[in-house]
Amino acid sequence: MAQKIQCPICKAILIANEDLVIDDKIEFDYEKIKETDKEVKIIKCHNCKRRIKYYIDR
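For the structure given in this document, a descriptive report is provided here. All values derive from a computational prediction rather than experimental measurement.

Rules and cut-offs
- Residues numbered from 1 in each chain as written.
- Predicted model: local features only at pLDDT ≥ 70, side-chain atom pairs only at ≥ 80, totals over all residues.
- Heavy atoms only, no water.
- Salt bridge = Lys/Arg side-chain N within 4 Å of Asp/Glu carboxyl O.
- Helix = DSSP H or I, 4+ residues; strand = E, 2+ residues; numbered from the N terminus.
- Buried < 20%, exposed > 50% of the residue type's maximum accessible area, 1.4 Å probe, protein only.
- Core = buried A, V, L, I, M, F, W, Y, C linked by side-chain atoms within 4.5 Å.
- Contact = heavy atoms within 4.5 Å.

This part is about the pattern of salt bridges. Here the structure, examined in full by the defined rule, presents five salt bridges. When the shortest N-O distance is used, the salt bridge between D24 and R58 registers 3.1 Å. Of this pair, D24 sits in the segment before β1 (25–27) while R58 is found in the segment after β3 (51–57), placing the two residues 34 residues apart along the sequence. A salt bridge links E27 to K32, with the shortest nitrogen-to-oxygen separation between them at 3.9 Å. Taking relative accessible area as the criterion, E27 reaches 8% and is therefore assigned buried.

The next thing to look at is the nonpolar core. Note on soluble globular proteins: their nonpolar side chains tend to be buried together. Formed by I5, C7, L14, V21, I26, C45, I52 and Y54, the largest nonpolar core amounts to eight residues. With residues up to four places along the chain from it excluded, the contact list for C7 reads A12, L14, C45, C48 and I52.

What follows is the structure in structure tokens.
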């Protein structure tokens, strides 16, 4: 079963189609994003209209 990824700010579901969600952990913590050397991506929440940075922790 796929995880439901929620916006860390407004708690709305970011991706409605569960088939597109991966099983790896997705990190939203800003301090961890600054320290990582992994590719950082941006997704926009359709509920609160904020752009959220994240990376996939494999």
